[in-house]
Every structure is written in structure tokens, then in C-alpha cells.
Amino acid sequence: MERPFSVLIVDDDEGMCETLADVLLDKGHEVAIAKSGEEAVQLFRRQQFDLVLMDVKMPGMNGVDTLKCLNQMKGNVKVLMMTAYAVDDRLEEALREGAIGVAYKPLDLGDLLNTIRKVTTEPRPVAV
Amino acid sequence: MTVENQTKESSRVSTLDRADDESARLLVVDDDKGMRETLADILEMEGYEVDAVGEASAARELVARQFYHLALIDLRLPGVDGLDLLTQIKGTSPDTIVMVVTGHASLESSVDAINLGAEGYILKPIDIPGARSSIGRALEKQRLVFENRRLLEELRGMNVRLEQNNMELQQEIAGRKSLQAQLVESEKMLGIYQLAAGVTHEIANPLTTVMGRTQLLLRKAKELDLPREVVDSLEIIQYEAARTVDTLDNLSLYSRSRVDKYGPCNVNVAIERTLSLFGHELDDNDILLTLDLSPELPEMAANESQLMRAFAAIIRNASQAMPGGGELTIETRSKKGEVHIAFRDTGVGIPEDIRSRVFEPFFTTRDPGRGTGVGLSEAYKIVKDHGGSIGVESSEGKGTTIRISLSLEASDSTLS
């Protein structure tokens, strides 16, 4: 059994959040779910996470704004952006803001688990 | 017939004969001095310009030097066969009418003369009024032949022009048809992109869920040692879900790895680097380049290689708008936290009806195969990626100006 990580999933799609959570839990990791950027900020205030999986497009506060907010609260947060769009104007912005990489939906869960393992053990990889 | 009548008749003939002011030029060849001078005088009185010579060699020289409408040749010249001279004159100047003058009713040589191209013959002693009207008729006939030839020539010219016009029209029609086809095509492509992006987004989350749940169920099924059919079915679901992912990937028409680096960038430097990529291309196309770059331009956060692509697309476009050469002016200014860039060309301009479309993907006015049409749309995309704005001003036949404004700080408009 590998070392467990604490992961925060931020996505407005509930089915996807829970599935991702179950897959990660199944692997023995700790998981929290936020269904919006605002919720993610609140959770983040109380708790520390090894990794944040962040959807780019969400109603209300979008993923990049949330990322900026998390960065202001704590430095050196590891955030992996998730998007269904091959080209998204906001991705470059997210990377400039320190996101460690982009995972494209539909997610390949095997790849995702590998990436999570890598980014939580290595300091600053360029992901996916 | 009285002398007066003759004069009237001859003046009628001569006016009929020469439509314009130019009078007909005649050549008289006769070794009998008295005869040729009399003939010359009579013909000059008719209003013709007359040269009279006594020898065949002199006649040949004159004919070679200038055009004679008509030549009167005595068939009996000393040392020369008049028929030879006739042949020579016809050879040098096929349009010259030759009439032979013969002292004998030598039917044989007259027929020979006509076979050799003579218009007719005049018998000595000369019946002046008869000769005059023969000459007049021959000249009139010649005038009609010339006129006819001129009209034919004109007709031919008009035909050629008509054919040219026709060809231009056909090209124009073909051009419009292909432009129309391109418009339809670019609209279609745009629709496909939007559809693909929309479909991908709507299906991505549920598909992730299906795959995740299947994976979890598969593990559980194996753990609990559920019957083989359950595992088989789950594996089929997993396989089909993966196939759907592949389909979605194929729908994504843009590359997914297009993540470029932002860094400190000076727009002036980016412009100069872009121009260096063009080498002598602008020079070779007779395009005069003027750089008016503000020395006060601050550095900004930008993706320099992307900006260079945008500038190159605009410069190439300007160059293609000036096929016969012209002027390209590039100007930079810094104002209120923004960098303004203007590319001004003196090219053909963009028609008003398509001006609003020049930034659309795959829109082009170039011939098919002579450009992908991603030029200005690429510039548009890059400027928008930088949170900037881009616009076009154009006047047909005078030129086009593309203006870009880039914010010194990454604008929030990129995030919306």
C-alpha cells in the first residue's frame, strides 16, 4: 500500500466528484469534495491537502479564480486543473498562476492516479 | 463631252476616290518623255500626286521607297520587259494597282499582264476620259478593299476584346463561386468546432463517472468472486466507454498540448525579430518598410513566440495585399498601461462586405491552395489569448490598417 494522500476534488458535477472520490478512497487516499470554488476556499481554510483537483469551468467562482484565492491563503499549493476543453483561454492563466498541470476530461483514471502519485512525491513536475 | 464636263466628272471621281484629304499617289513609267509628262500633267490636274519616270530601275527604286496607289507602266520600255517590271512592282508592293499602257492592240501581252496581277490596260493612243475613269474606278475599288480590310481588322480587334472580356467575366464568376464556397466552408468548420467542443464538454463528466464506477465495480466483482458473466459484462462496459473516449479525442480538432510560456517581452523587439524572419521578402516585393517604434515601450508579460506568429501573419497579409509593391508602416505607442501597435499598408484594401470576417478561421480571399486562411484568425486568437484587442480599418484601393492593443497587465477578460 502506497502512502495515502489527502485530495480535495473541486467540481460542480456531483456524479463525477463522487466517482473520483470513491476511486481515490478505494486506493486508500483521503478525499474531500467541494462542489464550488467558494466551498473549496472554506474547506481549505480548515484543512490541509496534498493535492487539489480543480475543474476550470464552474458556476460562480471559476477554477482559475479559486486557484488564485487558494494561492493567497497558502503558498505552494499543488493544483491540477481539469477541463473538457482542448483549448481553454483560462488554462494558460492557470499555469501562470502556478497550477502544476492540466488533466483533460473524460479523465483516464489510471493516468490520473499515476499523476497524483508523481506530483505528491516530486516537487514540481509538468503533468499529463 | 466638253472640257468643263470632264473636269466636273473627274473632280467627282477624285472626291469619291479619296475619302480623306490624302490624295492618291500615282507612278507613271514611260520612256517617251513627252508622253509621260503629258500623262503626269493630266493626272495632277485630277488631284493626284504623280511621279513620272522613264526607266524601270528608277520605278523600282521609287516603289521600294514609298507606297503608290497605282502605277501606269508602258509595256515597251527600252531593255526591259514591261511585264517583268509589273511582276517586280507587285512583288514589292502587292497593294499597288498596276495598269499597263501598250501601243499596240497586243491582246496577248495584255492578257499576260492581267494574269500577272495588272488591274487593266490602256491602249495608246490614250483615250483621256476613258483612261481617267478607268483609273478612278480602279482607285475606288482599291479604296473599298482598304476600307473593308480596316473594318475587318476592327472587327477582329473587337472580337479579341470581347473574348478577353468574356474570359475576365468567367474568371470573376469562378472567383466569386470559390469565395462563396469558402464562406460556406468556414462557416461549416466554425460550426463543427463549436459542436465538438460542446459535445465534449457535455459528455466528459458523465463518461468519467461511467468509467470510474465500472472500474470500481470490476474490482469488487473480482474480490467477491462474482460469476464470470458479471465480470464479462463489466469489462464490455469498460471497453465501450474507452472507445467513446477515443471518439471524443478525435473530435478535439486542436492539439491538447498547446501550452506556451509567458515571459517578459518587449513588443518592439518582437516586431524586429519577426521582420528578421522575412529577410529580403519585403524588399523583393518592392515594399518600403517604415518603422516608427516608440523608445518608451515598457516590457510586458507576453508569449513572445506567439506574438511573433501574430505579427508575421499580419505582415504576410499586408505583403500579399500589395502585389505591385507599396508601403508598410509599423508603429508602436505606449499609452495608459497599454501598448498600441499599428500595421498600415497601401494595398488593395478589404471590401466592406467581408471586412468583419477577416479574423474568422479559414476565411481567405486568396485562390484555393494559396493559403490556409488561418493567417489573420490566428493573429486574432493570439491577441485575444493575451487579453488584447485587434481591429481592422480599410479603404478599398487605398490600404488597410490593423490595430492591436495589449494591456501591460494580464487583463481579466482572459478569464471570463
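Since this is a predicted model, take the numbers as computed values, not measurements.

A few words now on a nonpolar patch on the surface. Residues and elements named next belong to chain B. Taken together, the side chains of Ile114, Tyr121 and Leu123 make up a nonpolar region of the molecular surface, amounting to roughly 250 Å² of accessible area. Along the chain, isoleucine 114 falls in helix H5 (residues 107–115). Under the relative-accessibility criterion, isoleucine 114 is labelled partly exposed at 40%.

The next thing to look at is the pattern of salt bridges. Proximity of charged atoms lets side chains of opposite charge pair with each other. Within the structure shown, the criterion is met by 27 salt bridges over all chains. Taking the shortest distance from any N to any O, the salt bridge between lysine 105 of chain A and aspartate 11 of chain A comes out at 2.7 Å. Note that lysine 105 of chain A is positioned in the loop between strand S5 (101–104) and helix H5 (109–121) and aspartate 11 of chain A in the loop between strand S1 (6–10) and helix H1 (14–26), a separation of 94 residues in sequence. For lysine 105 of chain A, a relative accessible area of 2% translates into the label buried. Across the salt bridge formed by lysine 124 of chain B and aspartate 30 of chain B, the nearest N and O atoms sit 3.3 Å from each other. Of this pair, lysine 124 of chain B sits in the loop between strand S7 (120–123) and helix H6 (128–223) while aspartate 30 of chain B sits in the loop between strand S1 (25–29) and helix H2 (33–45); the two residues are 94 residues apart in sequence, bridging distant segments of the chain. One continuous salt-bridge network, built from bridges that share partners, spans Asp11, Asp55 and Lys105 of chain A.

Residues and elements named next belong to chain B. In the numbering used here, UniProt assigns the "modified residue: 4-aspartylphosphate" (unreviewed entry) feature to Asp74. For aspartate 74, the position within the fold is in strand S3 (residues 70–74). Judged by its relative accessible area of 4%, aspartate 74 falls in the buried class. Among all residues touching aspartate 74, those that are not within four sequence positions of it are Val29, Asp30, Asp31, Gly82, Val101 and Lys124.

Residues and elements named next belong to chain B. At a closest axis distance of 10 Å, the pairing of helix H3 (residues 56–65) and helix H4 (residues 82–92) adopts a crossing angle of 10 degrees. Viewed along their axes, H3 and H4 adopt a mutual orientation that is roughly parallel. Touching Ala56, Ala59, Arg60, Val63 and Ala64 of H3 are Leu85, Gln88, Ile89 and Thr92, all from H4. Among the residues forming the contact of H3 with H4, the class breakdown is six nonpolar, two polar and one charged.

All names here are of chain B. Positionally, isoleucine 382 belongs in helix H12 (residues 375–385). Judged by relative accessible area, which is 3%, isoleucine 382 ranks as buried. Taking the C-alpha atoms as reference points, isoleucine 382 and phenylalanine 311, 71 residues apart in sequence, are found 9.8 Å from one another. Residues contacting isoleucine 382, with those up to four places away along its chain left out, are Gln306, Leu307, Arg309 and Ala310.

Residue and element names in this part refer to chain A. Reading across from one edge, S2-S1-S3-S4-S5 is the order of the five strands in this open sheet, with parallel pairing throughout. Only two strands of the sheet have a single neighbouring strand rather than two, namely strand S2 (30–34) and S5. Across the sheet, the mean angle from the axis of one strand to that of its neighbour is 20 degrees, orientation sign disregarded. In this structure, S1 lies alongside strand S3 (residues 51–55), joined through four bridges in parallel fashion. Counterpart to leucine 8 in the pairing with S3 is valine 52. Sitting on the sheet, helix H2 (residues 37–46) touches S1, S2 and S3, and the angle it makes with S2 is about 135 degrees. Contacts between helix H3 (residues 63–73) and the sheet are confined to S3 and strand S4 (79–83), with S3 contributing the most and set at about 150 degrees to the helix.

Cut-offs and rules
Residues numbered from 1 in each chain as written. Chains lettered and ligands numbered in written order. Predicted model: local features only at pLDDT ≥ 70, side-chain atom pairs only at ≥ 80, totals over all residues. Heavy atoms only, no water. Patch = residues over 30% accessible without salt bridge, like charges linked within 9 Å, V, L, I, M, F, W, Y side chains within 5 Å. Areas by Shrake-Rupley, 256 points an atom, 1.4 Å probe, with all protein chains shown as cover. Salt bridge = Lys/Arg side-chain N within 4 Å of Asp/Glu carboxyl O. Helix = DSSP H or I, 4+ residues; strand = E, 2+ residues; numbered from the N terminus. Buried < 20%, exposed > 50% of the residue type's maximum accessible area, 1.4 Å probe, protein only. UniProt positions renumbered as here; feature names shortened; annotations may be inferred. Contact = heavy atoms within 4.5 Å. Axes fitted to C-alpha atoms, helices over the stretch in contact; angles between N-to-C directions. Parallel < 35°, antiparallel > 145°, perpendicular 65-115°, else oblique. Nonpolar A, V, L, I, M, F, W, Y, C, P; charged D, E, K, R; others polar. Pairing = 2+ DSSP bridges.

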